[in-house]
Amino acid sequence: MIKLKNIEKVYRTSTIETLALNAINLEVGKGEFLSIMGPSGCGKSTLLNIMGLLDEPSKGEIIINNETIQDFSDKRLAHFRNQKLGFIFQSYHLINDLPVLDNVELPLLYRSASASERTQLATEALQKVGLSNRMKHYPSQLSGGQKQRVAIARAIVGRPEIILADEPTGNLDSAMGNEIMDILIGLNKNDGTTIVMVTHDENMAKKTNRLVRLFDGTQVL
Amino acid sequence: MLKNYLKITFAVLKRRKFFTFISLFGISFTLLILVVITAFIDHLISAGYPEINRDRSLYIEKMMQQDTTQQGMQSSPVSLYFIHNYVLKMKTPEMIGYATYPNTINAYNNQNKLKLMYKYTDENFWNITNFDFLEGKPYTKQNIQNNDFVIVINDDTRDKYFGKGVSVVGKTMEIDNVNYQIIGVVRGCPVTRICVASDVYLPYNTAKVDQTKQSLNGSYLVFLLAKDKKDFPVIKAEYQEIMKKVPLISNDKWFKPNKASSTADTYVGSFLSQFTHSDGDTKKQYLYMALIGFALLFMSLPAINLVNINISRIMERASEIGIRKAFGASSKVLTYQFITENIILTLIGGFIALILSVGVIYFINNSGMINYADLTINWKVFLVAILVSLIFGLLSGVYPAWRMSRLQVVKALKGGE
């Protein structure tokens, strides 16, 4: 499903060059739940961002569903992200000016979905994460766990094949973290969604199908 | 999509109240000032009650005599002698009328002193202008030939001198120790229409001056009414032919003019002749160029302010841009979103300006600052100003929006660093 070939990421400033990822070769199969672990600064999030087409590698090739991504135009890339990918971030990244329902509808806004269709799908997604009673609330009125559940609803509303989650339980207590994890496992098992998750937490990683470890930008496991 | 743009626009405007206030204040205040200034300019130079024929009138308002050897110069309105002996002989105008500039005099009603503006005119003045007679009628050629001491007053003078709304035709009024019979009452006009505004209108032959005195300089301005403004060049040419034949006259032993010049010009042209010496059409062009230049300069200040505000407004929304891009918004869609926001902001500013302008103009018209003021909004200017604001709004919004929309998602999510 996702194939990374010889990925390298270098950050350059006027004085220094930092190698964030070095010759990463990784394959994620369809329906797999993969976790990436490693110490802070080892390149976990960079790798996830490259997989999610949020960042460009300095070298290497990304192939998703047998399509090589590098040649995509801005418009095609946007369309691809919209149709195939869903994101969950550690700091939720909700739009504070919009109520919960509008936040969840966001990916559908960039598709040819009617307003009623958008509302229906977003409501269903919120029901799935147990937040249908908070649709008109604003993000500032929610707890951390609730915000992350809204973020999950947003990630799944467009029924993407792949969900990329960057430390989704990182800002939550263990009870709330487990709840979020259960939702993700459910998505993987019931809907067959491919999930790649970056985490610091061994316990969470153990719940996934496969674990990849990074150290100083290199894959060690 | 548009509904969502609108929703987010109003949410952003509501969230950043201070920036919204500054932006809206900049746009609406600029438009307000432009609209009020153009209303004033319109009021000054456009045809309006009772000068409805201003568009097809030429004005002779100045006679300049020069002594080029001594560099001496005498300039003033024209004399009755000059009008009767030269101007009235013109064939090309449809009608010729004349009047003095307004002067002030005291009139007494019992013990109350009234300071009144008065103006001497001929009978044609009433045909060239279009005063509403609330009562009575204007004086005629017959009145002038009969040397009748009759006057026309405006409603304001009637109300102050006799009482509000009373019938006064046939009554007498003492002005400068002379009793005049009131023959008509007109609805007054604003003093800014200086060629026609007055409290009291008197036949020119009742003036206590030697009307036969041979002089070119006097106190009258002449209205040359053309059938059509296409006739202006012919009338101007005829007047210049007359000027060539006018003998130089001086009653001053120290001033011996060797050159006399005077022009028949449009209202705007003669108004601008105070500042320039070029011909009427060129003056008009200068005026419009100066006005457009002023308007652009005036509007560029809030535009620069808007650019700044837009940049900081959009920069602080980097994270939102990142989120939208992550979930499928293309750079083009995001640029459209920010442009829509700017257009809405400008339109709201325009709407506020419109309401304020109506209020300010209503206040000016009713405050008594200018008696009989009848300022109106110049819609053409208002629409052009809105359009210019929109262009500035777009220009100021497009660049930062375009730049931000091209940010890499991961950088945008981190706040655009």
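Residues numbered from 1 in each chain as written. Chains lettered and ligands numbered in written order. Predicted model: local features only at pLDDT ≥ 70, side-chain atom pairs only at ≥ 80, totals over all residues.

A. Region of interest: the pairing of strand β1 (residues 57–60) of chain B. All names here are of chain B. Covered by surrounding structure in β1 are Ser 57 and Tyr 59 together with Leu 58 and Ile 60, the residues of both alternating faces. Across four bridges, the pairing between β1 and strand β12 (residues 220–225) is antiparallel. Residue pairing in the sheet places Leu 58 in a bridge with Leu 224 of β12. Alignment of β1 against strand β14 (residues 264–265), held across two bridges, turns out to be antiparallel. Across the sheet, the residue bridging to Ile 60 is Ala 264, located in β14. (Buried ≥ 20, exposed ≤ 12 C-beta atoms within 10 Å, placed from the backbone. Helix = DSSP H or I, 4+ residues; strand = E, 2+ residues; numbered from the N terminus. Pairing = 2+ DSSP bridges.)

B. Focus on the sheet that holds strand β6 (residues 85–88) of chain A. Residues and elements named next belong to chain A. Within the open sheet, the six strands sit side by side as β6-β7-β8-β3-β9-β10. Their pairing is mixed. Each having just a single partner strand, β6 and β10 (218–219) make up the two edges of the open sheet. Inspection of the sheet shows strand β3 (residues 33–37) paired to strand β8 (residues 194–198) by four bridges, in the parallel sense. Within β8, the residue paired with Ile 36 across the bridge is Val 198. Of the strands in this sheet, β6 and β7 (162–166) touch helix α5 (residues 144–156), which is tilted by about 175° from β6. (Contact = placed C-beta atoms within 7 Å. Axes fitted to C-alpha atoms, helices over the stretch in contact; angles between N-to-C directions.)

C. Broad picture of the interface of chain B and chain A. Counting residues at the interface gives 23 residues for chain B, matched by 19 residues for chain A. When residues of the side of chain B that touches chain A are traced back to their parent elements, those giving at least two are α1 (2–15), α10 (318–326), α11 (331–367) and α13 (409–413) of chain B. Tallied by class, the residues present in the side of chain B that touches chain A amount to twelve nonpolar, six polar and five charged. (Nonpolar A, V, L, I, M, F, W, Y, C, P; charged D, E, K, R; others polar.)

D. Spotlight on the sheet that holds strand β2 (residues 63–67) of chain B. All names here are of chain B. Within the open sheet, the three strands sit side by side as β3-β2-β13. Their pairing is antiparallel. What marks the edges here is a single partner per strand, and that holds for β3 (72–76) and β13 (259–261). Taking the axes of each pair of neighbouring strands and ignoring which way they run, one obtains an average angle of 15° across the sheet. Both β2 and β3 contribute to a ladder of five bridges, which runs antiparallel. Looking across to β3, one finds that Met 63 is bridged to Ser 76.

E. The packing of α1 of chain B against α11 of chain B, seen in detail. Residues and elements named next belong to chain B. Axis separation between α1 and α11 bottoms out at 9 Å; the angle between their running directions is 60°. Viewed along their axes, α1 and α11 adopt a mutual orientation that is oblique. In this structure, α1 crosses over α11, and the sense of that crossing is right-handed. Of the residues in α11, those touching α1 at Tyr 5, Leu 6, Thr 9, Val 12 and Leu 13 are Gln 337, Thr 340, Glu 341, Ile 344 and Leu 345. Its residues assigned to classes, the contact of α1 with α11 comprises six nonpolar, three polar and one charged. (Parallel < 35°, antiparallel > 145°, perpendicular 65-115°, else oblique. Left-handed = near helix turned anticlockwise from the far one by under 90°.)

F. Geometry of the packing of helix α3 (residues 100–109) of chain A against α5 of chain A. All names here are of chain A. Closest axis-to-axis distance for the α3/α5 pair is 7 Å, and the angle between their directions is 35°. In this structure, the crossing between α3 and α5 has a hand that is right-handed. Side by side, α3 and α5 meet where Val 100, Asn 103, Val 104, Leu 106 and Pro 107 of the first sit next to Val 150, Ala 153 and Arg 154 of the second. In terms of residue class, the contact of α3 with α5 is built from six nonpolar, one polar and one charged.

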